[in-house]
Structure formats: structure tokens, C-alpha cells
Amino acid sequence: MTSGESILDVENISKSFGGVQAISNVSLTLNKGDIVGIIGPNGAGKTTLVNLISGFLRPDTGVIRFKKRRISGQPPHRIANSGLVRTFQVMRPYHSLPAYKNLIIPLNSTRVKKMRAGKLGDLDAVAIDILEDIGFERDARVPYKAAGTLPLGYLKRLELARCIALKPDLILCDEIFSGLSMSEITSLIPLLEKLQMSGITLMMVEHRLRELFKLAGRVVVINFGEKIADGPPEAVMARDDVKAAYMGTEKTK
């Protein structure tokens with residue numbers, strides 16, 4: 001599914017907090033159509049990497065390019081409007097609004113307006129259609145319930161739906177499987193595959209390795225802020241340095 005053409009280029013980025021190096025000289029490339037996993041032990045720097053790419057942090061050094069254009073240092077809303085969006089480990093819905101109303105803001109973005117040539121139609125109907133496509137049951141009236149009342153599985157899907165509403169080229173998924181049951185993950189995997197089939201590139205930070213490896217053709221291992229491995233899952237997980245850094249804290253079988 002990958003095109004071989006890069007969509008994201010991270011070049012030698014570093015970030016420290018109070019003298020502690022969170023990310024150190026990390027480089028990676030994602031090609032269009034890739035599903036790439038970012039793995040490593042707790043505290044390795046994975047979410048910091050996502051925050052740097054999505055604009056929630058500025059790198060101390062290095063350059064990040066999205067679709068060949070430099071985005072490092074740009075604010076998150078500008079990066080999102082360029083087509084690079086992300087989910088959050090701790091979901092951030094508008095709790096008091098119905099689930100479908102959480103999609104109205106991204107549907108009103110300059111990116112979506114431009115792509116639709118200003119012809120948006122009934123935004124409520126568009127929002128509900130997106131939620132239905134991602135597993136909300138219209139007939140059960142789940143899209144109309146306040147987001148703050150939804151269980152975790154629906155909140156994870158709502159995070160993803162808000163990304164989809166922006167018509168993205170690349171989605172950064174920060175532990176989207178975390179806290180979900182096996183049945184919930186099993187039902188979510190085909191939706192992620194469908195996104196890839198539609199041309200969306202996915203970068204997934206994940207601790208659920210067995211489930212991640214069903215999707216990702218390539219994984220990048222981060223440890224103590226440094227990239228220590230990059231390649232096919234089986235080859236990467238067979239490496240001694242990865243076993244030493246990672247497999248002592250996560251079981252894959």
C-alpha cells in the first residue's frame with residue numbers, strides 16, 4: 001500500500017526538559033500509505049516525539065518536514081490544517097456536547113472548507129455519517145449522547161473521528177488501543193486498515209505489540225530518547241538491543 005514517496009521526514013530532532021534529554025538526535029521517514037509503529041518502554045520518549053511532530057512542542061534542534069514543507073516550530077492548528085493530525089492518550093472531547101457536535105469544529109476548518117470548495121452541506125448529517133462509519137450506532141442514538149457520558153471504547157473512536165473529519169493525509173495515533181478490551185481492539189483494527197486503504201498514512205505509538213504488528217509493516221524503537229532500531233517487526237524484535245531495552249517490560253507472546 002505504501003507509495004515509496006515520503007510524506008513525513010524527521011531529521012535529527014532533539015528535545016530536553018530541565019537538562020534531561022527526552023529526544024536525542026532522532027531521524028525517521030514515513031512514506032505515503034505506511035502504517036508505522038513507534039514502540040519502546042515507558043518513558044522512552046514516544047509521546048514527546050508525537051508532540052514534537054504535531055507542534056505541541058518545539059524541537060531544540062533538527063527539522064521536521066511534512067509533504068516536503070518544514071513544519072517544525074509551527075503551531076498545532078496550522079499543522080493540523082496542513083493535513084497532519086493526532087489523537088491523544090488522554091481523550092479531550094467537549095464533554096457537555098453531543099458526540100456528533102464534537103466534529104463540527106474540524107468540519108468548519110479552513111482545510112475542509114477549501115477541499116469542499118465552501119460547499120459543506122448539513123454539517124450535523126456529515127458528522128453523524130462519519131461517526132456511523134467508525135462504529136457509532138445511529139439507531140441506538142449513541143452519536144447524540146453527551147461525549148462525557150460515553151465509555152472508553154466510544155471515546156477512542158470519537159478521537160479518531162475528529163481526525164477523520166479534517167480529511168487528513170497523516171494521523172498520529174497515541175496509544176489508541178490502550179485500555180480497550182480485545183473485542184474492542186479487534187473491531188477497531190479493520191477501521192484502521194480502511195483508513196490506510198483510503199490513502200491515509202498512520203504512525204502509531206503503541207504498547208499492545210501483538211495487535212500493533214497485525215497492522216504495522218514497520219516499527220521504530222525508541223529507548224531513552226534515542227532511535228535504536230527501525231525495520232520489519234519480526235526483525236526488529238529479534239535484535240539483542242531491543243530485547244534488552246523493551247522485551248523485559250512487554251510480552252509479545
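Everything below is about the structure printed above this text.
Residues numbered from 1 in each chain as written. Predicted model: local features only at pLDDT ≥ 70, side-chain atom pairs only at ≥ 80, totals over all residues. Heavy atoms only, no water.

**Points about the overall build of the chain**
Scanning the chain for helices and strands turns up ten helices and ten strands. Whereas a compact globule of 253 residues would reach a radius of gyration of roughly 18 Å, the chain reaches 18 Å, a difference of no more than 12%. C-alpha atoms of the chain, sized along the principal axes, occupy 55 × 40 × 40 Å. For the chain, the residues scored as buried account for 51% of the 253 residues in total. Looking at the chain alone, contacts between residues at least 24 apart form 66% of all its contacts between residues at least 6 apart. A total accessible area of about 11,700 Å² is found for the chain, and carbon and sulfur atoms account for 52% of it. (Helix = DSSP H or I, 4+ residues; strand = E, 2+ residues; numbered from the N terminus. Rg over C-alpha atoms; globule rule 2.2 N^0.38 Å. Buried < 20%, exposed > 50% of the residue type's maximum accessible area, 1.4 Å probe, protein only. Contact = heavy atoms within 4.5 Å. Areas by Shrake-Rupley, 256 points an atom, 1.4 Å probe, with all protein chains shown as cover.)

**Topic: unusual backbone geometry**
Even without being a glycine, asparagine 25 presents a positive backbone phi close to 55°. Among the structural elements, asparagine 25 can be located in strand β2 (residues 20-31). Take asparagine 25: its relative accessible area is 48%, and that puts it in the partly exposed class. In this model, phenylalanine 224 sits at a positive phi of 50°, which is unusual for a non-glycine residue.

**Brief notes about the sheet that holds strand β1 (residues 6-17)**
Ordered by their spatial adjacency, four strands build an open sheet running β2-β1-β4-β5, and the pairing between neighbours is antiparallel. Among the strands making up the open sheet, the edge pair consists of β2 and β5 (69-70). The sheet contact formed by β1 and β2 spans eight bridges and is antiparallel. Each residue of the ladder has a partner; that of phenylalanine 17, found in β2, is valine 20. (Pairing = 2+ DSSP bridges.)

**Examining the packing of aromatic side chains**
In this structure the tally under the stated criterion is three aromatic pairs. Here the aromatic rings of tyrosine 100 and tyrosine 144 are separated by 5.5 Å at their centres, their planes lie at 65°, and the arrangement is edge-to-face. Separated by 44 residues along the polypeptide, tyrosine 100 in the loop between β6 (84-86) and α3 (104-107) and tyrosine 144 in the loop between α5 (123-133) and α6 (152-165) bring together distant segments of the chain. A relative accessible area of 29% places tyrosine 144 in the partly exposed class. (Phe/Tyr/Trp six-rings, centres within 6.5 Å; stacked < 30°, edge-to-face > 60°.)

**Here's the deal with a nonpolar patch on the surface**
Together, Tyr94, Leu97 and Ile105 give the surface a local cluster of nonpolar side chains, amounting to about 270 Å² of exposed area. Mapped onto the elements, tyrosine 94 comes out in the loop between β6 and α3. (Patch = residues over 30% accessible without salt bridge, like charges linked within 9 Å, V, L, I, M, F, W, Y side chains within 5 Å. Salt bridge = Lys/Arg side-chain N within 4 Å of Asp/Glu carboxyl O.)

**Side note on the pairing of β1**
Put simply, side chains in a regular strand alternate between the two faces of the sheet. Counting the residues between successive antiparallel strands, the hairpin from β1 to β2 contains two residues, one of them, glycine 18, with a positive phi of roughly 55°. Looking at chain direction, β1 and strand β4 (residues 61-66) are connected through five bridges and run antiparallel. Within β4, the residue paired with glutamate 11 across the bridge is valine 63.

**A closer look at the pattern of salt bridges**
Scanning the entire structure with this criterion turns up 13 salt bridges. A salt bridge links arginine 208 to glutamate 211, with the shortest nitrogen-to-oxygen separation between them at 3.6 Å. Arginine 208 sits in the partly exposed class, given a relative accessible area of 25%. Where arginine 239 meets aspartate 241, a salt bridge forms, and the shortest distance between an N and an O atom there is 2.7 Å. A relative accessible area of 32% means that aspartate 241 is categorised as partly exposed.

**Things to note about the layout of surface pockets**
It is a probe the size of a water molecule, rolled over the atoms, that shows where empty space is left. The volume enclosed by the largest pocket comes to roughly 560 Å³. Taken together, 20 residues form the lining of the largest pocket, with Ala80, Arg86, Phe88, Arg162 and Leu166 sitting closest to its centre. Going through the elements one at a time, α2 (76-81), β6, α3 and α6 are the ones with two or more residues in the lining of the largest pocket. Among the elements that line the lining of the largest pocket, the one with the most residues is α2, at four residues. Around the second largest pocket, the lining comprises 16 residues; the ones closest to its centre are Ile130, Asp133, Ile164, Leu195 and Ile200. Each residue belonging to the lining of the second largest pocket can be placed in one class, and the counts come to eleven nonpolar, one polar and four charged. (1 Å grid on protein atoms, 1.4 Å probe; cavity = no way out; pocket = protein on both sides within 12 Å on 5 of 7 lines; lining within 4 Å. Points joined across faces, edges and corners; volume = space filled by probe spheres on them. Nonpolar A, V, L, I, M, F, W, Y, C, P; charged D, E, K, R; others polar.)

Nothing here speaks to function; it is geometry throughout.
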